[in-house]
Amino acid sequence: MTKKEKERVQRVLATLDREYGTEYRCYLNYNEPWQLLIATILSAQCTDARVNLVTRDLFVKYPDLEAFAKADLEELEQDIRSTGFYHNKAKNIILCARRLITEYQGRLPSSIEDLTSLAGVGRKTANVIRGNIFHDPSIVVDTHVKRISNKLGFTKEKDPEKIEYDLMKVLPKDHWILYNIHIITLGRSLCTARNPKCEQCFLSADCPSYQVRNQG
């Protein structure tokens, strides 16, 4: 990366910090670490707002991992139906709960290798856990991060894992978690997928996608 590019990255991050602050926050509601794991599994192809509506009652009905491990599959499917892909999600949640109990004494493992060995847990979910529970600098590549990182020219990749590795090279480690929080906020408010408000965006001066669009 050239000196000019490094300076642009620093300007983007400093602007995001100024606009959105530097407080770590999670958009999924949870009290226990295992609840965040289940909520993140449910969040695949589903909004955080919908997941939070579902887990509000779900975590009352199933108050611990043992309850999920013993859950009736068809009943759990109906409990989480509105999150979509409920057949696979229900099966994975039950398998995940059982394995956490039998192999990890009911505690979440911290390594990405152990986390991704659990049913229904990919790198995105594992990095959510590593960042929020273990405070281990991690980059979460969701739809917002994938789309906006390409617009910002931080990556040209489409595969989430390749994007993750590109961002690890581009971003300073102290912003790995913050970047995801900021980009989700940006993606929901200004840089939306269908109708991005580029003229209102505070990053337009440092956004290659905007510059190309407005040439000439």
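Residues numbered from 1 in each chain as written. Predicted model: local features only at pLDDT ≥ 70, side-chain atom pairs only at ≥ 80, totals over all residues. Heavy atoms only, no water.

Caption draft 1: Examining the layout of surface pockets more closely. The space that makes up the largest pocket amounts to roughly 830 Å³. In terms of lining, the largest pocket is formed by 34 residues, of which the most central are Ser-43, Lys-124, Val-140, Asp-142 and Thr-143. For the lining of the largest pocket, the secondary structure elements donating two or more residues are α3 (48-61), α8 (123-132), α9 (143-151), α10 (160-170) and α11 (176-189). With six residues, α8 is the single largest residue contributor to the lining of the largest pocket. Residues that form the lining of the largest pocket fall into these classes: 14 nonpolar, 11 polar and nine charged. In this structure, the second largest pocket occupies an estimated 190 Å³ of space. Ile-41, Ala-44, Lys-89, Asn-92 and Gly-120 are the residues nearest the centre of the second largest pocket, which is lined by 13 residues in total. (1 Å grid on protein atoms, 1.4 Å probe; cavity = no way out; pocket = protein on both sides within 12 Å on 5 of 7 lines; lining within 4 Å. Points joined across faces, edges and corners; volume = space filled by probe spheres on them. Helix = DSSP H or I, 4+ residues; strand = E, 2+ residues; numbered from the N terminus. Nonpolar A, V, L, I, M, F, W, Y, C, P; charged D, E, K, R; others polar.)

Caption draft 2: Spotlight on empty space enclosed by the protein. Considering all chains together, one arrives at one cavity of 30 Å³ or more under this definition. Looking at the largest cavity, its volume works out to about 160 Å³. Together, 15 residues line the largest cavity, and Lys-151, Cys-191, Cys-198, Cys-201 and Cys-207 are the ones closest to its centre. Looking at the lining of the largest cavity, the elements that each hand over two or more residues are α9 and α12 (208-213). Here the residues of the lining of the largest cavity sort into 11 nonpolar, two polar and two charged.

Caption draft 3: Examining the nonpolar core more closely. Within the largest apolar cluster, 38 residues are counted, with the highest numbers of intra-cluster contacts made by Leu-37, Leu-58, Phe-68, Leu-76 and Ile-80. Going through the elements one at a time, α2 (33-42), α3, α4 (65-69), α6 (86-104), α7 (112-116) and α8 are the ones with two or more residues in this core. Sorting elements by how many residues they give to this core places α6 first, with eight residues. Ignoring anything within four residues of it in the chain, the contact list for Leu-76 reads Leu-58, Tyr-62, Phe-68, Ala-71, Ala-90, Ile-93 and Ile-94. Formed by 26 residues, the second largest nonpolar core is a distinct cluster that contains Phe-154, Val-170, Leu-186 and Tyr-210. (Core = buried A, V, L, I, M, F, W, Y, C linked by side-chain atoms within 4.5 Å. Buried < 20%, exposed > 50% of the residue type's maximum accessible area, 1.4 Å probe, protein only. Contact = heavy atoms within 4.5 Å.)

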